[in-house]
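Single-letter residue listing:
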Amino acid sequence: MASIRRAARLALAACFAASSFSTAALAEDSTINGADTAWMIVATALVLMMTIPGLALFYSGMVRKKNVLATMAQSLAAVALISILWVAFGYSLAFTGDGALIGSFDRLFLSGMTMEGVNPLAKTIPEALFMLYQMTFAIITVALVAGSVADRMRFSAYLVFSIGWFVVVYVPLTHWVWGGGFLGSAGVLDFAGGLVVHLSAGIGGLVAALVIGRRQGYGADNLSPFDLSLAVMGTGLLWVGWFGFNGGSALGANAHAVMAITATHLSACAGALAWGAIEWITRRKPSVLGMISGAVAGLGTITPASGFVAPWHGIVIGLIAGTVCFWACTSLKQRFGYDDSLDVFGVHGVGGLVGTLLGGVFATAAIGGTAGLIEGHWMQPLIQLYGIAVTLLWSGAATFGLLMLVRLMVPLRVSREHEREGLDISQHGEALQ
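As recorded in an unreviewed UniProt entry, the protein goes by Ammonium transporter and comes from Rhodopseudomonas palustris. According to UniProt, the comment filed for the protein under the heading Sequence similarities (unreviewed entry) is "Belongs to the ammonia transporter channel (TC 1.A.11.2) family."

Here's what the structure looks like:
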């Protein structure tokens, strides 16, 4: 009996030793890093926070009281809808495979994804985390477009359009720039979404505003914001969330992420000061709306360059952003008379374009691995212009085509009566008291 017990103990010890060795071996073979994983979980939460509640508050604070809930509903719907579509096929088409134009179907509904698996583009974090992080980018990009047509787009049309825009515009652009497609292979620099997020959403929003038409009373009635305090709170959430947006695009807890965050913060500060100063000079008073618009302009403009430039470049880019985006939201908008309700094109579209170009000017090899114009690589701005042209043409043309298609299925715009009544009541049966 004693010999049996000794044999059992030896067998258990052998099993324990084998399992310990196996675990150790797996740990040695794994490329997943705990610090990188922890930071990217935080960054993912920060970017999701940018849409709800960040963008929801920012947008709803700038519309009239009768449209506040409807504006929030668009951001909320984008989170729910795009999350499901991203898991179903968006992630697979954007970030798997090596096609020049589109990815593969290897990860449809995340098939084949394992707990310890990684994506070759992010080797130190679990693939599921990389998928979630990129999902938050898709969500906010689709939600951004809605700002151009606030106060007048039918909710059902917005849902159908969002599905189409995600499939036709966002997913291909993401693959072209970040997923191994032809723009990334050509050397186009876009660290965190100047092309993929801001320029694509900006031009998409402009086309949508032109197709759907102006709001009733635009240029004649008082369309002042309902509650700018909501917009200020939204700006604060967006600003903090942008640390995850740009810093997280380093895909690790490292010095690269810190440099991107530093440039991002300084650009936002410079953008707010520049816009406020211009208003102070031209209108004698710096408005709160102007300062928060300048901050968001600085954040959007630094986005494509944030991982390639030095902190002081962030200040310069922010000053340029505040100045150019102010011009786009005032002089340019008045000159052509389009009704981009919440200045998605003027802030995000123009900011994304300018920031992408400036990334090619200020890119520093010691920071991002690529030299820009100021370091003697005169071709980089031309490469950036190539990426800008492709994004403008694709997003603009595809958005127009999608709107024409959606119009065949459901009216794009609410009726005149419902627009006067407000979208909160007409689209959702609710209203603020």
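And the narrative resumes.
Student: Looking at this structure, I do not really get the side chain of Thr141. What am I missing?
Tutor: Checked against the element boundaries, Thr141 lands in helix H4 (residues 127-145). Given a relative accessible area of 0%, Thr141 falls into the buried group. If we skip the residues at most four places from it in the chain, Thr141 touches Trp165, Tyr170, Val196, Val197, Ser200 and Ala201.

Student: Please explain helix H11 (residues 311-336) as it appears in this structure.
Tutor: Since one α-helical turn is 3.6 residues long, residues separated by three or four positions face the same way. An ideal rise of 1.5 Å per residue puts 38 Å on 26 residues; H11 measures up with 36 Å between its terminal C-alpha atoms. Positive backbone phi, approximately 70 degrees, marks Gly337, located one or two places after H11.

Student: Whenever I open this one, the UniProt feature "domain: Ammonium transporter AmtB-like" (unreviewed entry) in the protein confuses me. Can you help?
Tutor: Here, UniProt's "domain: Ammonium transporter AmtB-like" (unreviewed entry) annotation points to residues 38-431. Strand forms 0% of residues 38-431 and helix 69%; the C-alpha atoms that close the span are 40 Å apart.

Student: Help me understand the nonpolar core, please; the structure alone is not making it clear to me.
Tutor: In a soluble, globular protein the nonpolar side chains are often hidden away together inside. The biggest cluster of nonpolar side chains holds 119 residues, and the ones touching the most others in it are Phe58, Trp86, Phe166, Tyr170 and Phe245. Per element, the largest residue contribution to this core is 13 residues, and it comes from H4. Leaving out residues up to four positions away in the same chain, Phe245 has contacts with Val47, Met50, Tyr133, Phe137, Ile140, Ala192, Val197, His198 and Thr303.

Student: Explanation requested: unusual backbone geometry in the structure shown.
Tutor: Most peptide bonds are trans, and most residues other than glycine sit at a negative phi. Each neighbour pair has its own omega, and for Ile52 with Pro53 the value is 10 degrees, a cis peptide bond. Positionally, Pro53 belongs in helix H2 (residues 34-60). Backbone geometry places Asp343, a non-glycine residue, at a positive phi of 55 degrees. With respect to the helices and strands, the residue Asp343 is situated in the loop between H11 and helix H12 (344-362).

Student: Looking at this structure, I do not really get the pattern of salt bridges. What am I missing?
Tutor: Side chains carrying opposite charge are able to pair once their charged atoms draw close together. If you walk through the whole model with that rule in mind, you get 9 salt bridges. Note that Arg152 and Asp339 form a salt bridge whose closest N and O atoms lie 4.0 Å from each other. Of the two residues, Arg152 is situated in the loop between H4 and helix H5 (155-177) and Asp339 in the loop between H11 and H12; the sequence distance between them amounts to 187 residues. Overall, the relative accessible area of 1% leaves Asp339 in the buried class.

Student: Quick question: what am I supposed to make of the packing of helix H7 (residues 194-212) against helix H14 (residues 379-409) here?
Tutor: Geometry of a packed helix pair, given as the angle between the helix axes and the separation of the axes. In the contact formed by H7 and H14, the axes pass within 8 Å of each other and the chain directions differ by 40 degrees. Overall, the two elements H7 and H14 adopt an arrangement that is oblique. Considering the relative orientation of H7 and H14, their crossing is right-handed. Taken together, the residues of H14 that come into contact with H7 (itself represented by Leu195, Leu199, Ser200, Ile203, Gly204, Val207, Ala208 and Val211) are Gly387, Ile388, Thr391, Leu392, Ser395, Gly396, Thr399, Phe400, Leu403, Met404 and Arg407. For the contact of H7 with H14, the class distribution of residues is 11 nonpolar, 7 polar and 1 charged.

Student: Any chance you could explain the packing of H4 against helix H8 (residues 228-247) here in plain terms?
Tutor: It is the contact of H4 with H8, at a shortest axis distance of 12 Å, that shows an interaxial angle of 135 degrees. When the axes of H4 and H8 are compared, the pair comes out oblique. In this structure, the crossing between H4 and H8 has a hand that is left-handed. Counting all contacts with H4, which are made through Tyr133, Phe137 and Ile140, the residues of H8 involved are Leu238, Gly244 and Phe245. Here the residues of the contact of H4 with H8 sort into 5 nonpolar, 1 polar and no charged.

Student: Before we go on, may I ask you to explain the packing of aromatic side chains in this structure?
Tutor: Geometrically, a pair of aromatic rings is defined through the distance of the ring centres and the angle of the planes. All told, the structure shown has 21 aromatic pairs when counted by the stated rule. With a centroid separation of 5.7 Å and an interplanar angle of 65 degrees, the aromatic rings of Trp242 and Phe245 are classed as edge-to-face. With Trp242 and Phe245 both in helix H8 and 3 residues apart, the pair spans about one turn of that helix. Judged on exposure class, the residue Trp242 and its partner Phe245 are both buried. Here a set of aromatic residues connected by ring pairs shows up, and it is made of Trp86, Phe89, Tyr91, Phe95, Phe130, Phe166 and Tyr170. A cation over a ring is seen here: Arg335 above Phe336, with NZ or CZ 5.2 Å from the ring centre.

How each quantity is defined
- Residues numbered from 1 in each chain as written.
- Predicted model: local features only at pLDDT ≥ 70, side-chain atom pairs only at ≥ 80, totals over all residues.
- Heavy atoms only, no water.
- UniProt positions renumbered as here; feature names shortened; annotations may be inferred.
- Helix = DSSP H or I, 4+ residues; strand = E, 2+ residues; numbered from the N terminus.
- Buried < 20%, exposed > 50% of the residue type's maximum accessible area, 1.4 Å probe, protein only.
- Contact = heavy atoms within 4.5 Å.
- Expected span 1.5 Å × (residues − 1).
- Core = buried A, V, L, I, M, F, W, Y, C linked by side-chain atoms within 4.5 Å.
- Salt bridge = Lys/Arg side-chain N within 4 Å of Asp/Glu carboxyl O.
- Axes fitted to C-alpha atoms, helices over the stretch in contact; angles between N-to-C directions.
- Parallel < 35°, antiparallel > 145°, perpendicular 65-115°, else oblique.
- Left-handed = near helix turned anticlockwise from the far one by under 90°.
- Nonpolar A, V, L, I, M, F, W, Y, C, P; charged D, E, K, R; others polar.
- Phe/Tyr/Trp six-rings, centres within 6.5 Å; stacked < 30°, edge-to-face > 60°.
- Lys NZ or Arg CZ within 6 Å of the ring centre and 35° of its normal.

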